[in-house]
Amino acid sequence: KNKKKNKKNKEMAARGALQVSRRALMNVEPPVFTRSRFDRRWNMMDEDRVKWYNWNLACIALTTVPFLWMYTVNYRTSEETQILIRTLNPTGTEKIKYDMKLYG
């Protein structure tokens, strides 16, 4: 007797679920038409355009990172380099010649 009752309850639940889905299918949303030529609907092309702009911004940002690092990095070989240059050539008139064989 209990099994029959459970089976009947399951059938009723399934029928109720079917009725809910059937009502949802009957409800058709009307299309949204533009009110003016300046007010447009959002479509896939706009979404692709936003993705394209975001990728371009990301690429530009990633490209500028090495340049910013090169701008801020200390390119001197040691901290004493500036002191030595100031000691050897205080007025900045002489050209300091380097031995190119030392640098390979």
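The rules behind these values
- Residues numbered from 1 in each chain as written.
- Predicted model: local features only at pLDDT ≥ 70, side-chain atom pairs only at ≥ 80, totals over all residues.
- Heavy atoms only, no water.
- Helix = DSSP H or I, 4+ residues; strand = E, 2+ residues; numbered from the N terminus.
- Buried < 20%, exposed > 50% of the residue type's maximum accessible area, 1.4 Å probe, protein only.
- Salt bridge = Lys/Arg side-chain N within 4 Å of Asp/Glu carboxyl O.
- Polar contact = N/O pair within 3.5 Å; in protein donor to acceptor, adjacent residues only side chain to side chain.
- pLDDT = per-residue confidence, 0-100.
- Expected span 1.5 Å × (residues − 1).
- Bend = angle between axes of the 7 residues up to and from the residue.

Across its full length, the protein chain carries three helices and zero strands. Traced from its N-terminal end to its C-terminal end, the protein chain shows the element sequence α-α-α. With 104 residues in all, the protein chain has 3% of them scored as buried.

What follows concerns the pattern of salt bridges. Taken as a whole, this structure holds two salt bridges when the rule is applied. Between Arg-49 and Asp-46 there is a salt bridge, with its nearest N and O atoms 2.9 Å apart. Placement of both Arg-49 and Asp-46 in helix H2 (residues 44-72) is noted, with a separation of three residues, approximately one turn of the helix. The class for Arg-49 is partly exposed, based on a relative accessible area of 32%. Classification of Asp-46 as buried rests on a relative accessible area of 7%.

Along the chain, Asn-89 turns up in the segment after helix H3 (81-88). A polar contact is formed between the side chain of Asn-89 and the backbone nitrogen of Thr-93, at a distance of 3.4 Å. At a separation of 2.6 Å, a polar atom in the side chain of Asn-89 contacts the main-chain carbonyl oxygen of Glu-94.

This part covers the confidence of the model for the protein chain. Looking at the protein chain as a whole, its pLDDT mean stands at 78, while 71% of the residues score no less than 70. Of all the helices and strands in the protein chain, helix H1 (residues 2-26) carries the lowest mean pLDDT, 67, while H2 carries the highest, 91.

Another aspect to go through is H2. In this model, H2 (29 residues) spans 42 Å end to end at C-alpha, consistent with the 42 Å of a helix rising 1.5 Å per residue. Considering bend angle alone, the principal kink of H2 is centred on Val-65 and spans about 25 degrees; proline Pro-66 follows within four residues of it.

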